[in-house]
2 protein chains.
Amino acid sequence: MPVAAGTRLLALRRTLPPTMMSDQRPLYPVDAWRIRELTFDPAYAARNETIFSLGNGHLGLRGNLDEEPGNVAHGTYVNGFFEEAPIEYGEVAYGYAKNHQVLLNVADGKRIQLTVGDDPFDLATGTVEAYERSLDLRTGLLTRSVRWRAPHGAVVEVVSRRLVSLTLPSIAAIDFVATLVEGTAPLRIVSAINTRVRNQEVSEDPRVGAHLPEDSLRTIHREASGTWGAVVQRTRTTRLALIAAADHDVSGNEPGRAGARTSSIATQDGVALTVESDAPHGARLGVTKYLAYCTSLDHQEEALEARAKEAIREARTLGFDGLVEEQRAELASFWSVSDVEIEGDRALQQGVRFNLFSLFQSAGRDGRTSLAAKGLTGEGYEGHYFWDTEIFALPFFVYTQPSIARALLRYRCGTLDKARARAAEMTQRGALYPWRTIGGDEASAYFPAGTAQYHINADIAHAIGIYVSATGDRSLLHDGGAEVIFETARLWADLGDFIPAQDGAFCLNEVTGPDEYSALVNNNCYTNLMARAHLHLAARLAGELAADAPAEYQRLATRIGLTAGEVADWRRAGDGMRVPRDPGLGIHAQDDSFLSLARWDFAGTPASMYPLLLHYHPLVIYRHQVLKQPDVVLAQVLLGTQFSMAEKKRNFDYYDPLTTGDSSLSPCIQSVAAAELGYADLAYSYFMRTARMDLDDVNGNVSHGVHAAAMAGSWVSLVYGFGGLRDDDGRLSFAPRLPSAWRRLRFRLQVGDALLQVTLTGRAATYELLAGNVVEIRHFGQPLRISAGQPAVQDLEPRLECVIFDLDGVITDTAEHHFRAWQRLASEISLPFDRELNERLKGVSRMESLEIILENAGRTENLQDKVRLAERKNAYFRELIAGVTPADLLPGIGDLLAGLRARGTKTAIASMSHNVWDVVRGLGIEPLIDVIVDPATLVKGKPDPEIFLAAAERLGVRFENCVGIEDARAGVEAIKAARMVAVGVGRDLPGADWVVTNTRSITVEALDALFTAPRPMAGRGAAR
Amino acid sequence: MPVAAGTRLLALRRTLPPTMMSDQRPLYPVDAWRIRELTFDPAYAARNETIFSLGNGHLGLRGNLDEEPGNVAHGTYVNGFFEEAPIEYGEVAYGYAKNHQVLLNVADGKRIQLTVGDDPFDLATGTVEAYERSLDLRTGLLTRSVRWRAPHGAVVEVVSRRLVSLTLPSIAAIDFVATLVEGTAPLRIVSAINTRVRNQEVSEDPRVGAHLPEDSLRTIHREASGTWGAVVQRTRTTRLALIAAADHDVSGNEPGRAGARTSSIATQDGVALTVESDAPHGARLGVTKYLAYCTSLDHQEEALEARAKEAIREARTLGFDGLVEEQRAELASFWSVSDVEIEGDRALQQGVRFNLFSLFQSAGRDGRTSLAAKGLTGEGYEGHYFWDTEIFALPFFVYTQPSIARALLRYRCGTLDKARARAAEMTQRGALYPWRTIGGDEASAYFPAGTAQYHINADIAHAIGIYVSATGDRSLLHDGGAEVIFETARLWADLGDFIPAQDGAFCLNEVTGPDEYSALVNNNCYTNLMARAHLHLAARLAGELAADAPAEYQRLATRIGLTAGEVADWRRAGDGMRVPRDPGLGIHAQDDSFLSLARWDFAGTPASMYPLLLHYHPLVIYRHQVLKQPDVVLAQVLLGTQFSMAEKKRNFDYYDPLTTGDSSLSPCIQSVAAAELGYADLAYSYFMRTARMDLDDVNGNVSHGVHAAAMAGSWVSLVYGFGGLRDDDGRLSFAPRLPSAWRRLRFRLQVGDALLQVTLTGRAATYELLAGNVVEIRHFGQPLRISAGQPAVQDLEPRLECVIFDLDGVITDTAEHHFRAWQRLASEISLPFDRELNERLKGVSRMESLEIILENAGRTENLQDKVRLAERKNAYFRELIAGVTPADLLPGIGDLLAGLRARGTKTAIASMSHNVWDVVRGLGIEPLIDVIVDPATLVKGKPDPEIFLAAAERLGVRFENCVGIEDARAGVEAIKAARMVAVGVGRDLPGADWVVTNTRSITVEALDALFTAPRPMAGRGAAR
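Only a predicted model underlies this, so the values are computations on that prediction, with no experimental measurement involved.

**Comments concerning the overall build of chain A**
Then comes step 1: Looking only at helices and strands, chain A features 28 helices and 39 strands.
Then comes step 2: What you see for chain A is a C-alpha radius of gyration of 33 Å, in line with the 31 Å of a compact globule of 1024 residues.
Then comes step 3: Counting only C-alpha atoms and orienting by the principal axes, one finds that chain A spans roughly 115 × 60 × 60 Å.
Then comes step 4: The buried share among the 1024 residues of chain A stands at 63%.
Then comes step 5: Within chain A, contacts between residues separated by at least 24 positions form 66% of all contacts whose residues are at least 6 apart in sequence.
Then comes step 6: Averaged over its 106 positive side-chain charges, chain A has a centre that lies 2 Å from the centre of its 129 negative ones.

**Remarks on the relation of the copies chain B and chain A**
Then comes step 1: For these two chains of identical sequence, chain B goes onto chain A by a turn of 180° and a shift of 0.1 Å along the axis, with RMSD 0.1 Å. Here the copies are linked by what is in effect a two-fold axis.
Then comes step 2: Interface overlap between copies: 100% of the residues of chain B at the interface are likewise at the interface in chain A, consistent with a symmetric, same-surface contact.

**Quick notes on the sheet that holds strand β11 (residues 155-164) of chain B**
All names here are of chain B.
Then comes step 1: Taking strand neighbours across the sheet as the criterion, the nine strands line up as β1-β9-β10-β11-β12-β19-β16-β15-β14 in an open arrangement whose pairing is antiparallel. Every other strand in the sheet has two partners, leaving β1 (34-37) and β14 (217-225) as the edge strands with one partner each. Across the sheet, the mean angle separating the axes of adjacent strands is 15° when strand polarity is ignored.
Then comes step 2: In this structure, strand β9 (residues 127-136) lies alongside strand β10 (residues 141-149), joined through nine bridges in antiparallel fashion. The residue of β10 that forms the bridge with R133 is R144.
Then comes step 3: Contacting β10, β11, β12 (171-182), β14, β15 (228-235), β16 (241-252) and β19 (284-295), helix α4 (residues 304-338) crosses the sheet at an angle of about 130° to β19.

**Observations regarding the interface of chain B and chain A**
Then comes step 1: Contact residues are listed per partner, giving 55 residues for chain B and 55 residues for chain A.
Then comes step 2: When chain B packs against chain A, close to 4600 Å² is buried across both sides, 58% of that on carbon and sulfur atoms.
Then comes step 3: When the buried surface of chain B facing chain A is broken down by residue, B:H617, B:L619 and B:R623 rank first, second and third, together holding 15% of it.
Then comes step 4: On the surface where chain B and chain A come into contact, there are two salt bridges.
Then comes step 5: The residue B:E91 makes a salt bridge to A:R436 at a minimum N-O spacing of 4.0 Å.
Then comes step 6: Summed over the shared surface of chain B and chain A, the number is 10 residue pairs in polar contact (both at pLDDT 80 or more).
Then comes step 7: Of all elements in the fold, only β21 (497-499), α14 (618-622) and α23 (863-881) of chain B reach the threshold of two or more residues within the side of chain B that touches chain A.
Then comes step 8: Class assignment for the residues of the side of chain B that touches chain A results in 29 nonpolar, 16 polar and 10 charged.

**Focus: the packing of helix α11 (residues 525-548) of chain B against helix α15 (residues 631-638) of chain B**
Residues and elements named next belong to chain B.
Then comes step 1: The contact between α11 and α15 brings their axes to 8 Å, and the two run at 25°. The angle between the axes of α11 and α15 places the two elements in the roughly parallel class. Contacts between α11 and α15 involve C525, Y526, L529 and M530 from the former and D631, V632, L634, A635 and L638 from the latter.
Then comes step 2: Split into classes, the residues belonging to the contact of α11 with α15 amount to eight nonpolar, no polar and one charged.

**Side note on the environment of B:D662**
Residues and elements named next belong to chain B.
Then comes step 1: Checked against the element boundaries, D662 lands in the loop between α16 (645-655) and α17 (666-676).
Then comes step 2: Considered as a pair, D662 and P783 are 121 residues apart in the sequence and their alpha carbons are 39 Å apart.
Then comes step 3: Polar contacts involving the side chain of D662 include one to the side chain of Y517, which spans 2.6 Å.

**Considering the side chain of A:Q670**
Residue and element names in this part refer to chain A.
Then comes step 1: Within the secondary structure, Q670 sits in helix α17 (residues 666-676).
Then comes step 2: Taking relative accessible area as the criterion, Q670 reaches 3% and is therefore assigned buried.
Then comes step 3: Here the side chain of Q670 touches D656 through a polar contact of 2.9 Å, side chain to side chain.
Then comes step 4: Sequence-distant contacts of Q670, that is, excluding residues within four places in its chain, are made with P630, F652, D656, T659 and Y686.

**Side note on the pattern of salt bridges**
All names here are of chain A.
Then comes step 1: Tallying each qualifying case throughout the model produces 165 salt bridges over all chains.
Then comes step 2: The residue E879 makes a salt bridge to R824 at a minimum N-O spacing of 3.4 Å. Of this pair, E879 sits in helix α23 (residues 863-881) while R824 sits in helix α20 (residues 814-828), placing them 55 residues apart in sequence.
Then comes step 3: Classification of E879 as exposed rests on a relative accessible area of 52%.
Then comes step 4: Among the ionic pairs, E926 bridges to R921, the shortest N-O distance being 3.9 Å.
Then comes step 5: We classify E926 as partly exposed; its relative accessible area is 36%.
Then comes step 6: Three or more residues are tied together by salt bridges with common partners; here these are D417, R420, R429, E483, E487, R490, R559 and E566.

**Here's the deal with the packing of aromatic side chains**
Then comes step 1: This structure, assessed with the given rule, holds 64 aromatic pairs over all chains.
Then comes step 2: Here A:F687 and A:F722 contribute two aromatic rings whose centre-to-centre distance is 5.5 Å and whose plane-to-plane angle is 80°, an arrangement assigned as edge-to-face. Separated by 35 residues along the polypeptide, A:F687 in helix α18 (residues 680-691) and A:F722 in helix α19 (residues 708-722) bring together distant segments of the chain. The two residues A:F687 and A:F722 agree in class, both being buried.
Then comes step 3: The interplanar angle of 65° and the centroid separation of 4.8 Å between the aromatic rings of B:F334 and B:W335 together place this pair among those described as edge-to-face. For the pair shown, B:F334 and B:W335 are each scored as buried.
Then comes step 4: Clustering of aromatic rings is evident, with ring pairs tying together A:W33, A:F334, A:W335, A:F360, A:F396, A:F397, A:W715 and A:Y720.
Then comes step 5: If you follow A:K309 out to its NZ or CZ, it ends over the ring of A:W228, 4.7 Å from the centre.

**What about unusual backbone geometry?**
Then comes step 1: A:P943 follows A:K942 through a cis peptide bond whose omega is 15°.
Then comes step 2: Between B:Y610 and the following residue, B:P611, the backbone shows a cis peptide bond with an omega angle of -10°.
Then comes step 3: With respect to the helices, strands and loops of the structure, B:P611 is situated in the loop between β25 (598-599) and α14.
Then comes step 4: At B:S830, a residue that is not glycine, the phi angle is positive and equals roughly 60°.
Then comes step 5: With respect to the helices, strands and loops of the structure, B:S830 is situated in the loop between α20 (814-828) and α21 (835-839).
Then comes step 6: One non-glycine residue, B:R979, lies in positive phi territory at about 65°.
Then comes step 7: By secondary structure assignment, the location of B:R979 is in the loop between α27 (969-977) and β38 (981-985).

**Brief notes about helix α4 (residues 304-338) of chain A**
In an α-helix, one full turn covers 3.6 residues, which means residues spaced three or four apart are oriented alike.
Then comes step 1: In a regular helix each residue adds 1.5 Å, so 35 residues correspond to 51 Å; α4(A) covers only 34 Å between its end C-alpha atoms and thus falls short of that length.
Then comes step 2: For α4(A), the principal kink sits at A:G319 and spans about 95°.

**Quick notes on the confidence of the model for chain A**
Residue and element names in this part refer to chain A.
Then comes step 1: Model confidence for chain A is summarised by a mean pLDDT of 92, while 95% of its residues fall at 70 or above.
Then comes step 2: For residues 1-24, every residue scores under 50 in pLDDT, and the model assigns this stretch 35 contacts once sequence neighbours within four places are set aside.
Then comes step 3: In the predicted structure, residues 1015-1024 sits below a pLDDT of 50 and forms 21 contacts with residues beyond four places in sequence or in another chain.

**Notes on helix α7 (residues 402-414) of chain A**
Then comes step 1: Its 13 residues give α7(A) an end-to-end C-alpha distance of 18 Å, which sits within 8% of 18 Å, the value for a rise of 1.5 Å per residue.
Then comes step 2: For α7(A), the elements touching its buried residues are α5 (346-362), α6 (388-400), α8 (416-425), α9 (455-471) and α10 (475-495) of chain A.

**A closer look at the sheet that holds strand β7 (residues 112-116) of chain B**
Residues and elements named next belong to chain B.
Then comes step 1: Within the open sheet, the five strands sit side by side as β8-β7-β13-β18-β17. Their pairing is antiparallel. Every interior strand has two partners, whereas the edge strands, β8 (119-120) and β17 (261-267), have only one.
Then comes step 2: Taken together, the eight bridges between strand β13 (residues 187-194) and strand β18 (residues 270-277) define a ladder with antiparallel strand orientation. Within the sheet, the bridge partner assigned to L187 lies in β18 and is S277.

Cut-offs applied
- Residues numbered from 1 in each chain as written.
- Chains lettered and ligands numbered in written order.
- Predicted model: local features only at pLDDT ≥ 70, side-chain atom pairs only at ≥ 80, totals over all residues.
- Heavy atoms only, no water.
- Helix = DSSP H or I, 4+ residues; strand = E, 2+ residues; numbered from the N terminus.
- Rg over C-alpha atoms; globule rule 2.2 N^0.38 Å.
- Buried < 20%, exposed > 50% of the residue type's maximum accessible area, 1.4 Å probe, protein only.
- Contact = heavy atoms within 4.5 Å.
- Lys, Arg positive; Asp, Glu negative; His and termini not counted.
- Charge placed at Lys NZ, Arg CZ, Asp CG, Glu CD.
- Least-squares fit on C-alpha atoms with pLDDT ≥ 70 in both.
- Pairing = 2+ DSSP bridges.
- Axes fitted to C-alpha atoms, helices over the stretch in contact; angles between N-to-C directions.
- Buried area = accessible area lost by both parts, 1.4 Å probe.
- Salt bridge = Lys/Arg side-chain N within 4 Å of Asp/Glu carboxyl O.
- Polar contact = N/O pair within 3.5 Å; in protein donor to acceptor, adjacent residues only side chain to side chain.
- Nonpolar A, V, L, I, M, F, W, Y, C, P; charged D, E, K, R; others polar.
- Parallel < 35°, antiparallel > 145°, perpendicular 65-115°, else oblique.
- Phe/Tyr/Trp six-rings, centres within 6.5 Å; stacked < 30°, edge-to-face > 60°.
- Lys NZ or Arg CZ within 6 Å of the ring centre and 35° of its normal.
- Expected span 1.5 Å × (residues − 1).
- Bend = angle between axes of the 7 residues up to and from the residue.
- pLDDT = per-residue confidence, 0-100.

Written out as structure tokens, the structure is:
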């Protein structure tokens, strides 16, 4: 398929941002475990603030410099600590979301300003003589070492170490030491908690900026005393309170002398501690700052100060080095399960580790908060939670940090009442989760790409399903999970209708799917498939709970008014769900009308016009076939068992060239889908975009915060894509395909109590248990039982596993019978027909053959007459084949079949003929054929690869390990499109890997050699 | 069709507002030419402010009281004088409309405060002893007479007269006289121009309130001197300036005495003149106030004061009585053409006159302004212009005040550049007019029901087309009209695409039609039909101009880059335009997906939940089949020649019950469509809603301003509805149907130079020329040439004009042949069949008959086999009928046909049989039959009325004048659904007007008597 492949490559090139096209060096040196900045360049300051962020799921500090100068956007965030402000609409309507919600940029405790003599520490002045900033992914420590010559000549070395504790949620700590290494000058350190920060304002880009009035966050209390300082802040509308407190240890190298003088002060700007030392040469002055952030979300407002003091006391008892030790231990535990090792590309290795580290830093652990689109690293998307958490991030946590996964899902359980209220406001039953939110209320100001994305309900249910299935932890179901699944399923049953004009199918109309370049459509395929799975899950779960925990189930059912009739309705709605398809193209339709739109003019769209949403009115975008998110492709990744390989291939081939690169969520899904289909280069390219999206600032907006979902997507690409993990039918299966550039890929999955390690090389996949007793998986469809101490090694090198035969002209010469039958019909109705025309009928269905003959004669017939003619030809043909015997086998085929059977190689027949069974019986080879694909089950005939892919699927073999044998061009094309090895019988069969003129040449050994030896040249029919 | 009719009535009842359901008395006494208020009730103050508004298309004054107390919302508007303010979006996107536009409430010159002693004139105090306010539609004068006893006992009579000059656009005048009729007290009159007014603020109801900052309109100059006073105001963003000036004549009854003292002052509140008199008993004190409003839209800002002075000088020279005289003359001229006389319902007469008067007051005449949705009477919809002007109001002006129509269309020509810029912003070619605007820029803050309503382009082109065709004034085309039509056509060609998946049809996707309860759909039927007409109009016009004015055309073409190829593209796009239809229902589909939505649950929607838009989220509304505007029905009213009567009927029957009463624009269109279809009661009910919509405050929001489009709609209902005017194929045609409650309806139409008067009674339509020489029209399809002095009187009483025969069982007994043919087939394939089953086949198509027989036997067959079986039956049948001769005519039918031919009565055969011609030839009656309807041309068979309506249309006769003769139930049902007289042959034919058992009873005389005598009882087959 050179054309299609070309299209895809073009598509990919189009969507790659300019930075990736150029040979720009990465900003951070490649390093397996560290992100390092070796020179200070203000041009990258905003970007570095994001990259060097630290967090623990509760508290997030942007990677600002300690000193005042040189920062772009200070950021200090407490997960879930937000303010609301009314949404202004130019034209309002009933039921619109009422309030913006904004994650607040709170009092900034990071500030530490050194002054050397009269010179404030400011890298824009004086001379930087040495510089390094480093984020260590194994210790979680952000370290900066600077040797700086102040304008007045003194030289200091500054070493600052910062961490946000992964074990003490409210604690951050900074150890700051300045050493005078040249000259003499008094040193002064001012350590502050600064309240003069606020959220970024709204900009032209709709993706950043907050709609908040000035006084959204007021500082109501300031206190400074000794080394202690604290500020209390309160929000205006949400009535939340927060304390930011600090205590300090001061150190110097001459404790015997008068030592450092300290003083503290509270002002309008916050609180500050000043430490001064009349330092001679070699003097060292340092502070260790212990910061605590506690909020009224966790504590009584009156107790905030006490809680902060307690937390700081605990931290101070450990000391900075103690905190570092705990941090290192915590991260060691994290990496022991969550690390993914890539051998063969250190830059990717670094990118992936950075991504996983960032996810670990940003995800809420308290069951009250979730994972914001930008983590806790910036203010993009106002700090909102989206479906990103459930669909993109959850798999990583489910399989490597299940307790965090549970906490993230508990957040949804905790906001169920708000989802119920929203459904009621929308005059619907059940619960409708908000498209974007922090506190649980819908905060999307644009309903066509907000509330209309009802699929959020199914996304959440799907995530709960995956969690329970992978962890075996059913307690979540009893802890709100089941109620969430039921109430959200309820909405589907109420939202949809059985529509007579759609053959009575259950339809979900006027929705928006994940693809935000379409809006307000009927029967979005992703939504309907996910809703169907959701309804079935809910019905199944109701049955299970009623059986397993009848009393509890009854209490829940009574409380939410759930009856057996309603559960039956869910099943009925799910069973009747409309799944839009296009029979002509053989693909799933993105929605009822998508395929009736004009295709976007990609050729006429310059790169500068991407992302489209910033350059075209929504009406223009919505009117075209163009995608922000490839949502049919996403559905086939999430619900892989509901698509045949042929469907997946056709869907991907159709939708991928329509996908812009305008969403950071897309490439990981494109990578997974491409990997499954054997589009190795494409899978790798898409993975490249997602793996280092933030480190390389692929989208140019890292300064607004990391792309948390894309980070998780890089894990998804590795594990679901190259690892080929699938989990949508309650069992783990793998179909690994390692990129050829890599030597090894290794990851670990927590599956219930077991820890499964998967190691992939180009030659083999090794499954072994690092913990637990036994795990059952499938490897390319074959069940495997992995037991403790018994690694399972599976060969991945291509080998002859299956041979798929065309019938006519390969196994027997029914081609001649067909020719004679057509000839008889043609002469009877006075149509020209000869062997040349007959060549065009090879591998083509009966009806299509008739069309070719009619078209060749310039004749048209109505459908009824065509059916009659085709039947007549078939009758003639059947007369001819009634006399077929084993003697009609083509030369060598009988031996070949017997040899394959003896070797244990599988066999199939892939013929478009409807008379295969009769012929096979006549030939006497029925016992030697494992599968005959029924052409009636196919959506598309050759040259579509469907029939070959179906044979391989039925036999459970990898397409790489199949040989197809064909005598027709369309057949060879189909085999190659199925990514199999093609053997051609005859002449002029371009694309075949090996062409023979006589079937006798095809021996078991020759076929085997196609895998072990260098491939014989295609064409020319050279005998071996 | 009793069921359908019941549904419609229910629908109507549902949508009638509570006020109409109750027997509430009208607020204003019924009076042919006046609107009078006889008691002062503060509860109605806001409503009266709208009703008693005065205007002249340039200046509008709400009907506020002269005195300060008792007013709700002061309003003074200058057409086109507006301010902009940025639209705030919760989430903004590329290409969104940038600014709100708001018609400004400017300095208020109406204020005149009387004080009697220490008592300010305030009807809430003291005692009102007599009261009347009256708006005289013939003089345009608003007069108020009050006799008021002040709290301190003195009694004054106050007479205030107000007008806004229809001849001097910038002038308004108030004559205010107070006479002391009891007691003694000093009188004081303060006449002011008050600048402390501003627009109403935004409210919960999205339809009212302006988004304007405080200082949008600043008063930059105030001046008071002698009896003169003026203020100058300037807008902040649009940089427009306005002067409001007044001069006064003071009068008293004792001019000999010291007389009234006058003083003037300028303050922050504006300017004021005080007139005082130490009045003894009987004293009279009066001021005549001449007000002028001039703006920088018409004059240099420096010249504003001079212009105001000049205008006032001119008015003062005429004096108040002179102004009254001019006003009366101007209105006499207006009414001489524009009046519509209704005899038989004085309340409706009053309502309609009030409506026409209001339209005349509100429509801009300067070519720079248009007609706002609320006229110049209130602030609803921010004073915006919509499509209302072109589609609803234009016909009234085109046919009665063509110079105003021209000015309204010139407004669109003048804003073409802004429409071009908008198209460019939307990345489209040509011009895209704004959905709502004042200054010409898009001001809709909700694009799904704003910019997406692309049909505005076609609406404007349609209006220009109607104007040129009716007036013959082609100068408008040269004066910008042609350029508008071309540039707007261009947009369609660029917006649409030939879509392969839609059989290559030209599709307009992602649009919103007039029905705002659907949004962002593909191929909205109204839009596509109007765009098709637009493209064809543009192509035709280009050809005409190129032929008629080649040089000028070439200049225009060069300027806008128009080529012959592009014009050909327009034609191709128009020809290929997709018109969505549902073949099963036989209706036009509102859009591609409308019929695949669930129907709204009307039964479950209480009256309090209307209008739906205030109680349901748009997603809920959009998801259902429910209409705000019946836009398919609107299309069939505007483009009547593109629909068959049967289509119109089926469309109306389908869509009318889905139409809520939530738009004030709907009832007039529903009335016109119902009238055409003979749904007399329904037409009348819908007209009732529109005729007195504002006088009766049907929608409860008159206080926000009048409903200008609905007012024009009442004229449309009368002239297009009951008058049956159609004008969409360049010729006037009439199909009048007078409501039975009325004695007479008379209206006049300006057609080129001619003035055509149409007078309708129950018995006749009279067409006569009041001016001009000759006009060619059609009356129920028949061409009529109306010449000066020669009125044409057309009989309207039902009379026998046409007889439409079923064939089988009416003309001949092929029914028996059919029976035998079916019997033969049935026995051959072993299906039960008898005469009872045969009865069910009468009047039913061959294929449907087969279905019935199969279904009866519980058998199913595939399509191919069914076709074969039906053909077999037909072959048997044809064998049987091959031997038909004249002897096979049923008794009396030969004589009947001959008699009808002799009488000049038309005849048709309406049979679903495909063998009619063979039978008719065999019977030898071919020369006696005028029309045989080919069943192959039909969308729906009997009992749908299509075949009967098609026969009547082909013959150009009114359905009321047709008799249908049938022997089958389905046939009788079809005749009655076609609103014809039904004669049944046989037994048990419910619904037939006359049933005979023997065809011999059907004579010419008997049929004639069906129209002249009281109808014979239906049923029982009673011979006459």
